[in-house]
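Here are the chains, one letter per residue:
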Amino acid sequence: MRAKLSPKDFATSQEVRWCPGCGDYAILKAVQKALADVGARPESTAFVSGIGCASRFPYYIESYGFHTIHGRAPAIATGLKLANPELDVWVVTGDGDSLSIGGNHLMHALRRNVDLKILLFNNEIYGLTKGQYSPTSRVGTRSPSSPTGSVDSPVSPGQFALGCGAHFFARAIDTDKEGLSHVLEKAHAFRGASLTEIFQNCIVYNEDVFGSFTDRATAADTQLHLRHGEPMLFGENRGRGLRFNTATWSLEVVDATATPEDVLVHDESNPLLARLLIDLHLPVALGVIYRKPAQSFEDAFYANHPSRMQRTRSIRDFLAGPASWTVE
Amino acid sequence: MRAKLSPKDFATSQEVRWCPGCGDYAILKAVQKALADVGARPESTAFVSGIGCASRFPYYIESYGFHTIHGRAPAIATGLKLANPELDVWVVTGDGDSLSIGGNHLMHALRRNVDLKILLFNNEIYGLTKGQYSPTSRVGTRSPSSPTGSVDSPVSPGQFALGCGAHFFARAIDTDKEGLSHVLEKAHAFRGASLTEIFQNCIVYNEDVFGSFTDRATAADTQLHLRHGEPMLFGENRGRGLRFNTATWSLEVVDATATPEDVLVHDESNPLLARLLIDLHLPVALGVIYRKPAQSFEDAFYANHPSRMQRTRSIRDFLAGPASWTVE
Amino acid sequence: MNKNKDVDSVVVRLAGDSGDGIQLMGSQFAVSTALAGADFSTFPDYPAEIRAPAGTTFGVSAYQINLGRDPITTAGDAPDVLVAFNPAALKVSLPLLYRGALVILNSDGFTARNLAKAGYEKDPREDGTLADFQVVMADITNLTLEAVRDFGLSKSEGGRCKNFYVLGVMLWMFDRSLDTVEAWIERKLAGQPTIRDANIRALRAGHAYGETQELSASIARFRLPPAELPAGTYRSITGAEALALGIAAAGELANRSVMFCSYPITPASPMLHRLTHLRELGVGTFQAEDEIASICAAIGASYGGMIGVTSSSGPGIALKTEAMGLAVSAELPLVIVNWQRGGPSTGLPTKTEQSDLYQAVYGRNADTPLPVLSASTSGECFDMAIEAVRIAVRHMTPVILLADGYLSNAAEPWRLPDIDSYEPILCNVPQGGEGSAQRQAFTRHPETLGRAWITPGMPGLMHRIGGLEKDIATGHISYDPANHQQMTDMRAAKLAAVTHFIPNQAIELGDDTGDLVVVGWGSTYGPIYQAARATGVSFVHLRHLNPLPPNLGALLDRFDRILVPEMNNGQLATLLRDKLRVDPLSYCKVSGQPFLIRELVAKIEAVLGEAS
Amino acid sequence: MNKNKDVDSVVVRLAGDSGDGIQLMGSQFAVSTALAGADFSTFPDYPAEIRAPAGTTFGVSAYQINLGRDPITTAGDAPDVLVAFNPAALKVSLPLLYRGALVILNSDGFTARNLAKAGYEKDPREDGTLADFQVVMADITNLTLEAVRDFGLSKSEGGRCKNFYVLGVMLWMFDRSLDTVEAWIERKLAGQPTIRDANIRALRAGHAYGETQELSASIARFRLPPAELPAGTYRSITGAEALALGIAAAGELANRSVMFCSYPITPASPMLHRLTHLRELGVGTFQAEDEIASICAAIGASYGGMIGVTSSSGPGIALKTEAMGLAVSAELPLVIVNWQRGGPSTGLPTKTEQSDLYQAVYGRNADTPLPVLSASTSGECFDMAIEAVRIAVRHMTPVILLADGYLSNAAEPWRLPDIDSYEPILCNVPQGGEGSAQRQAFTRHPETLGRAWITPGMPGLMHRIGGLEKDIATGHISYDPANHQQMTDMRAAKLAAVTHFIPNQAIELGDDTGDLVVVGWGSTYGPIYQAARATGVSFVHLRHLNPLPPNLGALLDRFDRILVPEMNNGQLATLLRDKLRVDPLSYCKVSGQPFLIRELVAKIEAVLGEAS
Ligand SMILES: Cc1ncc(C[n+]2csc(CCOP(=O)(O)OP(=O)(O)O)c2C)c(N)n1
Ligand SMILES: Cc1ncc(C[n+]2csc(CCOP(=O)(O)OP(=O)(O)O)c2C)c(N)n1
Ligand code: SF4
Ligand code: SF4
Ligand SMILES: [Mg+2]
Ligand SMILES: [Mg+2]
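Residues numbered from 1 in each chain as written. Chains lettered and ligands numbered in written order. Predicted model: local features only at pLDDT ≥ 70, side-chain atom pairs only at ≥ 80, totals over all residues. Heavy atoms only, no water.

Peer 1: Give me the site of ligand 3: which residues, what numbers.
Peer 2: Trp18, Cys19, Cys22, Cys53, Asn123, Gln200, Cys202, Ile203, Val204 and Tyr205 of chain A together with Ile50 of chain D make up every residue found near ligand 3. Flanking ligand 3 are residues from chains A and D. (Near = heavy atom within 4 Å.)

Set out below in structure tokens:
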């Protein structure tokens, strides 16, 4: 059996070119560690990205890497997976790359359930092009292209993914080592399309846009870390929990010490619960929000292919077609 | 006040070029009737379509019409709406046009809530290109491009729309005059992006794919016609109803005569209920499934525009810029 | 009149409603013709609507076939025989006919309603419209219903057999056996025995109808001399079939699997459909969500080590141009097949044109050179597909192969190739070499300038590629000015390197020097061949468009004048001016229809007439 | 040494980390220069990374400015003065300098770590690397911190003021007043009083530093003669600003609102940003989800009666080509601005190139002709924007306007135009006319061939348009062969019609006949102008690329040889060969950098040297 690799083994010689203080650095570290922890092999791992600051990622991971074109990474990764289903393929993308120009390919990769681990670095801004608002920017975002505030209502990556028929959706914060490692490992273990939204701080163009819940000081009250099969608790010594109000069809916070029986247990296979959790604002739901295994696209593709993409006959047998004749 | 127009007034001189027996004919009649009923004016109405059999629609409606390119109708209609927000703009599209190549533009039109009445003729097939499977085709669909059956799991127009943040989603059957007229009028009355999925029979390439619930004989048991604020009843003399099972988070059929109090009342503003209704198979939910008014994109755009797109100053005032100097 | 007419070739046109099964009838007639040893060429001409309203002129579906002694290279300028199922079919076909042609009409189709729909005020059968033609009228619908009476089919079901009834008549007229058609019906309709038997009955009845007085009295049967095709085994093939087979064959020659990624579009779809039946050849087909996704998936497949192929027609190719740039920059093999159609925009989807040459050669942002090939005949699509894959993997570059709507549907006899006679296709497998994997990935073969095809999964060769400019030596990102110049020059040199691997341009017909040479490309081969043959001028036909064959300049210099007929507004003429500094005369036809031989003959004679 | 140096022009280059505020400092220096009446031209040169790691060579951000007596048309070949904030900045800039140039170094930046990062084994300040230069070293960081000490800023905050400190020094060196800069700081930093005051303090301290012995002893101040610009009011302007203003002005001249629909991309974004500030001019900006949506929204806006404009750079333009075909087919006005950048693919996003000419002229499927224009200087972007809109609405066609990354960012003095001197832009409003609305919508103006611009909302004129071929008379869908030929000819004729409305080509410099003429287009205007001036050859610069000016062929025929310098691999040369049958010499530079005057002079002299 092969020697276990360390995070360093997944680092390249290339100088990292993000702005000092960019959340991408923390994500890079976490991914390198996760790859080592899950025992990934560099030669059978590929990182495919689009264009954007986030999409520079492949240059910094010692594996196969393809920095493609804006918005198309899921489509290129789909082709790669069809050519070699055994590869461990990660897609790294930004909120603009995946939800602006790339929305269609993301939708189809998700609904087909192609076995791709998609990491969406959501900083709610177009970083690389110098800070215009993105499809995840909140209404009123002031940016070079919206000096008086944006008017487009944003799309929610989670709601979008589930609407497309995604089988896996998780969330983490760039600098939350533990939470991020947890979802990365779960995503890696999932054979199918997984979308992991990572709240990433763009220190230059959208600093602290997630401050309301990423701030460590208040984390206990603002973050809900989900675990399948465990009660949804948060707050100081996990004193509060969530309950489903059947009258309003919504989640509400309850005193978990007073009425523990009311507290919902997280069921990652419940699509309605997932949708409620995605929209939750205080606390913000983190971890694996939805997970429902199903046959992956390439597995279905190969299962449906008579020769599993092998050449079992020669072109000779096909040239003559239905009817042929001979001329002496 | 102007003379009320009749459906005939919305017919053009052009020979209709669909296959005999195509569901599109019934939709055309219904739309012409609806336009007359709601008192639409031909000069302030525009139909914008993409490419496909469905997208031939504008040629047959006496109003302004733009038969554009494949998948782009929502984007072109958005520009038209920005140029003239008072127009009554309808987008006619097919399942391939809107959810295959056009998925991204549909998503953005919906999340921005552009005031477009989008009619999606879903026949679960690419008609115009001679019958290949589409993104709404069921797994196993045999077609010229999937002789042994398709392997892609389909996307649900309704789930997709809600996932994108749509504010209006309705459904009807091509040949169901009453149901179709009802949703067309509701869609017309909604200022914002409305997506109306019309189950359309492609008699040539996908005949009767919706037969299980469009068959008139069994309609009572297979169709649930929704009305906001009314109990969800169906079946012979509306003897059955739907109840929300809080344990399984799902809808279940109950005997409405026995336990009327259990029967859910339709609330079109409830997004969770909407998602349950969209996935319901027997009966199939028809009518306005979800409706949540919000400011339309162009209204927000104009409200945020200092001069509401009028020229209130001259270029003269802007030429000099921040600093200028004079050379004698 | 004598019962048998000896002719060298006959042009038959079958025309009716989209619902009349004309295309099927035509292709079956072609196969029977072929099996009897005649050379032939067909031209299916159908509307953009799936089933346009019955009886309308725009709804007419036609199938023209030219059969006889070889070389038959076009479907023929003008039909000698027309079968019209209704007035609309007569209306649109009549202008094409020579005087004296035989016109067979389905009288049942000539109802007042249909006459009106076709825009006939008077019945053309009575007002002298057909005076110049030999007319035969038959109540085909009724005769067919008669024939299939015992099967208890509904009137409409029974009526649908009439195409086979007419086919029976045609087969009698050309003295062909019914066997192949019957075998085909047996196969196709095995599932519906009644329909099957009814159709066979109709076919035989039609044939019998010929034998009997009614017809044989009035018209002659055609007797065609056997074609003098080179010895070998033949089949009838369309361009779509040949290109699909060629791609699969290339995979076998390269010993790689093929991933065909496409999005349906007229007239490219038939290739996708065909490839779904070649899966045992290691061919996979992926129907993507759009053209951008399809080329991207093909690029991903090539990156993964398979031969990535994508296909579309003009509007879809336009959407692929950004990704082509990525393939050029990342230096990945890829074949892009363009089945050209009438434009601009949606244009005339079912009509043919060759107006995407500009787009293929010049249609990308930045200096992004890539090889461009084209196929001249349906059968040649096979060889050009192999050539395209060969160039793509040899030079590690995307290659565009131009075909068109005419080739996609047109059938011709095709001599089965001996696959063993083809050179294997060699891939640039990593040579080891020194330096980092990054360096190795961008180490180029000295002659082809193709880089090593290193694919994910290979141990120890992990590296990064992308669309940013790369250092020519290390393969890492580089914005260095001098390096960008070197890389730009390298990309130009790589295209030029292709020149050393392609054959010299041969002359199809005529002397290798003289007053006038006609230069063509693509599906205009057929009509130009006949026109050059008729006028005796020299004829050069291009298959390699970018780069052009090494000797082409010298070859053309040996002629005083160059005439370039094209189904576009002069795109090859531009290319020749640009690359060879010659100044050809353009003869452009942009009507969605192929050139007629007589149009070309007239043009050539006019040019010869002018003092050079 | 004497304290004052009289010179005609000086080239200054400021270089440091992306984080050092070089670009800001440069543009402020430019404005102060301008206000003092000097002519100038700037060239901002920054990395693709937002804030590349400090101290790295690829992270160097530079701003070069050439100032002095007019005509200054380039940022200068080689700096006379270099300010380097760190070793990396020195490393990348040094090769550009002439011997004897003045080099000002920020000693604080020369730490061992930074020297290593820049790849210096030895300290260039000590190993003789700078022997040929006049070197001044100053602990700028410390001096700055010193200056702002009392504001109690953190070390990093304080350090960030050093660009203003250096700006102070430069203003002293060129004898410029501090007022404009101070005013600017007051405005921009009104919100942060401490930072504001600290920066002003730093600025003054830098200026004072010059006055004091330390500097004035060692180096000379530059005394520049006043520029001899034509009388008028001037401002400093970049191409992005000028093009934005031009589009808004065109809207005013046409009395229509403008809808600008775009998707951000380097280097096109600045135009989008600029237009968001012109909304009171009836300009709207829509940031679409991608390039396809942006051109489609612009088409929708034009269909709705506004002037639809979209913009991008090469990769984004590639995605727009399908929709351009729709605009050509539907005959709607539209302006597409392409800010060209280095390619292929993502290429070198922040570097300039003019390699999208092929794409603009030939880059669409089918025969889809459309007018193509280009801007030569930052200021000229204003007039060309108006010309583009004028042609688009006059002929009812999409128009491509080519600019590039250099123009987008380069600033120059611009004489404010008198808007009243511009012809109003007339729109093809429906003329009533007879026949159905469908017919009226496709009734064309006899000279322009522009159809009537009928927009939804107009009573009684409802009609249908689309991308399928249309009957030339009725405007209804038509697949008729003859009609398609007529429509294809009409589209070609419409492009040709533009020729009658554009000015004859003038000669920029030199005789109108002779041995050699240099032909340029786009942003190469500046360097070619100077090179032609220096060598005395004739110079022709094109603004109308498709169609070409009516007299161009005749004009070029009056010269024995034509030299075409381009920042691409010979694209204009192809166009001239194709359209004018001339055979120019190409001089190609594809390094992402503008031509240097000396490169062009050398080339011209070499060409003149060869016997013609
Ligand atoms: C076809 C194309 N369109 C536009 C661009 C310009 N562009 C590059 S990255 C980007 C968006 C980046 O935003 P995001 O995806 O959120 O990534 P981030 O930089 O924020 O990490 C854009 C618009 C491009 N490179 N290519
Ligand atoms: C860019 C482009 N790609 C592909 C096509 C071919 N095409 C035309 S319609 C269509 C799909 C039609 O399916 P759908 O949208 O469901 O409409 P339907 O015909 O079923 O009503 C396709 C693939 C095209 N016209 N343009
Ligand atoms: S711009 Fe923002 S996202 Fe991009 S590298 Fe800098 S901090 Fe990170
Ligand atoms: S193909 Fe299908 S959808 Fe298209 S017109 Fe015919 S029946 Fe209707
Ligand atoms: Mg982002
Ligand atoms: Mg469909």
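Text resumes after the structure shown.
Peer 1: Tell me about the relation of the copies chain A and chain B, and name the residues and values.
Peer 2: Under the fitted operation, chain A is carried onto chain B by 0.0 Å of movement along the axis and a turn of 180°, and the coordinates agree to an RMSD of 0.0 Å. Each copy turns onto its partner about a two-fold axis. (Least-squares fit on C-alpha atoms with pLDDT ≥ 70 in both.)

Peer 1: An account of the interface of chain B and chain D is requested, with residue identities and associated values reported.
Peer 2: One frequent convention defines the size of an interface as the accessible area lost when the parts assemble. Counting residues at the interface gives 59 residues for chain B and 77 residues for chain D. Interface area for chain B against chain D, summed over the two sides, is near 5,500 Å², with a carbon-plus-sulfur share of 63%. Summed over the three residues of chain B that lose the most area to chain D, namely Tyr64, Arg311 and Trp325 of chain B, the buried surface amounts to 17% of that side. Summed over the shared surface of chain B and chain D, the number is 5 salt bridges. (Contact = heavy atoms within 4.5 Å. Buried area = accessible area lost by both parts, 1.4 Å probe. Salt bridge = Lys/Arg side-chain N within 4 Å of Asp/Glu carboxyl O.)

Peer 1: Go over the interface of chain A and chain B with me, naming the residues and quoting the values.
Peer 2: With 35 residues of chain A at the interface, the matching set in chain B holds 35 residues. For the chain A and chain B pair, buried surface summed over both sides reaches about 3,000 Å², with 61% attributable to carbon and sulfur atoms. If you sort the residues of chain A by the area they bury against chain B, Arg111, Trp249 and Leu272 of chain A come out on top, with a joint share of 24%. At the junction of chain A and chain B, the tally comes to 2 salt bridges. For the salt bridge of aspartate 152 of chain A with arginine 112 of chain B, the shortest nitrogen-to-oxygen distance reads 2.9 Å. The interface formed by chain A and chain B holds 16 residue pairs in polar contact (both at pLDDT 80 or more) in total. With 6 residues, the top contributor of residues to the side of chain A that touches chain B is helix α4 (residues 103-112) of chain A. For the side of chain A that touches chain B, a count of residues per class yields 18 nonpolar, 13 polar and 4 charged. (Polar contact = N/O pair within 3.5 Å; in protein donor to acceptor, adjacent residues only side chain to side chain. Helix = DSSP H or I, 4+ residues; strand = E, 2+ residues; numbered from the N terminus. Nonpolar A, V, L, I, M, F, W, Y, C, P; charged D, E, K, R; others polar.)

Peer 1: Tell me about the site of ligand 1, residues and numbers included.
Peer 2: Residues in close proximity to ligand 1 total 21 residues, the closest being Cys53, Asp95, Gly96 and Asp97 of chain A together with Glu291 of chain D. Residues near ligand 1 are shared among chains A, C and D, making this a multi-chain site. In the model, an oxygen atom of ligand 1 is placed 2.9 Å from a nitrogen or oxygen of the glycine 127 of chain A main chain. Glutamate 291 of chain D places a polar side-chain atom, nitrogen or oxygen, 2.5 Å from a nitrogen atom of ligand 1. The fraction of the free accessible surface of ligand 1 (590 Å²) that becomes covered by protein chains is 98%. Considering every element that reaches the shell around ligand 1, the biggest residue donor is helix α3 (residues 95-99) of chain A, with 3 residues. Classifying every residue of the shell around ligand 1 by side-chain character gives 10 nonpolar, 7 polar and 4 charged. (Areas by Shrake-Rupley, 256 points an atom, 1.4 Å probe, with all protein chains shown as cover.)

Peer 1: Please give an account of the sheet that holds strand β6 (residues 102-106) of chain C that cites residues and values.
Peer 2: All names here are of chain C. Strand order in the open sheet formed by 6 strands is β3-β4-β2-β5-β6-β7, and the pairing between neighbours is mixed. Whereas interior strands pair on both sides, the edge strands pair on one side only; in this sheet they are β3 (39-45) and β7 (134-138). Averaged over neighbouring strand pairs, the angle between their axes works out to 15° when direction is ignored. Against the sheet, helix α1 (residues 22-35) contacts β2 (9-17), β3 and β4 (60-68), and its axis sits at roughly 10° relative to β4. (Pairing = 2+ DSSP bridges. Axes fitted to C-alpha atoms, helices over the stretch in contact; angles between N-to-C directions.)

Peer 1: I'd like to hear about the coordination of the magnesium ion (ligand 6), residue by residue, with values.
Peer 2: All names here are of chain B. Protein coordination at the magnesium ion (ligand 6): the donors are Asp95 (OD), Asn123 (OD1) and Ile125 (O), at 2.1 Å from the metal. Each donor residue of the magnesium ion (ligand 6) belongs to the same chain, with the gaps between them written as D-x27-N-x1-I. In this pair, aspartate 95 sits in helix α3 (residues 95-99) while asparagine 123 sits in the loop between β4 (117-122) and α5 (157-163), placing the two residues 28 residues apart along the sequence. For aspartate 95, a relative accessible area of 2% puts it in the buried group. Overall, the relative accessible area of 8% leaves asparagine 123 in the buried class. (Donors = N, O, S within 2.8 Å, 3.2 Å for Na, K, Ca; no water. Buried < 20%, exposed > 50% of the residue type's maximum accessible area, 1.4 Å probe, protein only.)

Peer 1: Can you break down the coordination of the magnesium ion (ligand 5) residue by residue, with the values?
Peer 2: All names here are of chain A. At this site the magnesium ion (ligand 5) is bound by Asp95 (OD), Asn123 (OD1) and Ile125 (O), with donor distances of 2.0 to 2.1 Å. Every donor residue of the magnesium ion (ligand 5) comes from the same chain, spaced as D-x27-N-x1-I. Residue aspartate 95 is found in helix α3, and its partner isoleucine 125 is found in the loop between β4 (117-122) and α5 (157-163); the two are separated by 30 residues along the sequence. The class for isoleucine 125 is buried, based on a relative accessible area of 3%.

Peer 1: Can you explain unusual backbone geometry? Please cite residues and give values.
Peer 2: Cis geometry is adopted by the peptide bond preceding proline 547 of chain C, which originates at asparagine 546 of chain C and carries an omega value of 0°. Considering the arrangement of structural elements, one finds proline 547 of chain C in the loop between β20 (544-546) and α20 (552-557). Here the bond from threonine 266 of chain D into proline 267 of chain D is cis, since omega is -5°, no more than 30 degrees from zero. Residue position: proline 267 of chain D is located in the loop between β10 (258-262) and α11 (269-275). Even without a glycine there, the phi angle at aspartate 175 of chain C is positive, about 60°. By the element assignment, aspartate 175 of chain C lies in the loop between α6 (162-173) and α7 (179-188). For arginine 581 of chain C, which is not glycine, the phi dihedral falls at a positive 55°. The residue arginine 581 of chain C is located in the loop between α21 (571-580) and β22 (585-588) in this model. The exposure class assigned to arginine 581 of chain C is partly exposed, which follows from its relative accessible area of 47%.

Peer 1: Could you give me a rundown of the side chain of threonine 346 of chain D, with the residues and numbers involved?
Peer 2: In this structure, threonine 346 of chain D sits in the loop between β13 (334-340) and α14 (357-362). Among residues more than four places away in sequence, those in contact with threonine 346 of chain D are Ile51, Thr68 and Ile69 of chain A, Gly467 and Leu468 of chain C together with Arg341 of chain D.

Peer 1: Which residues make up the pairing of strand β7 (residues 134-138) of chain D, and what values go with them?
Peer 2: All names here are of chain D. Here strand β6 (residues 102-106) pairs with β7 via 5 bridges, running parallel. Bridge assignment links valine 103 to a residue of β7, and that residue is valine 135. For the segment spanning β6, helix α3 (residues 112-117) and β7, crossover handedness is right-handed. (Right-handed = clockwise from strand over helix to strand, strands pointing away.)

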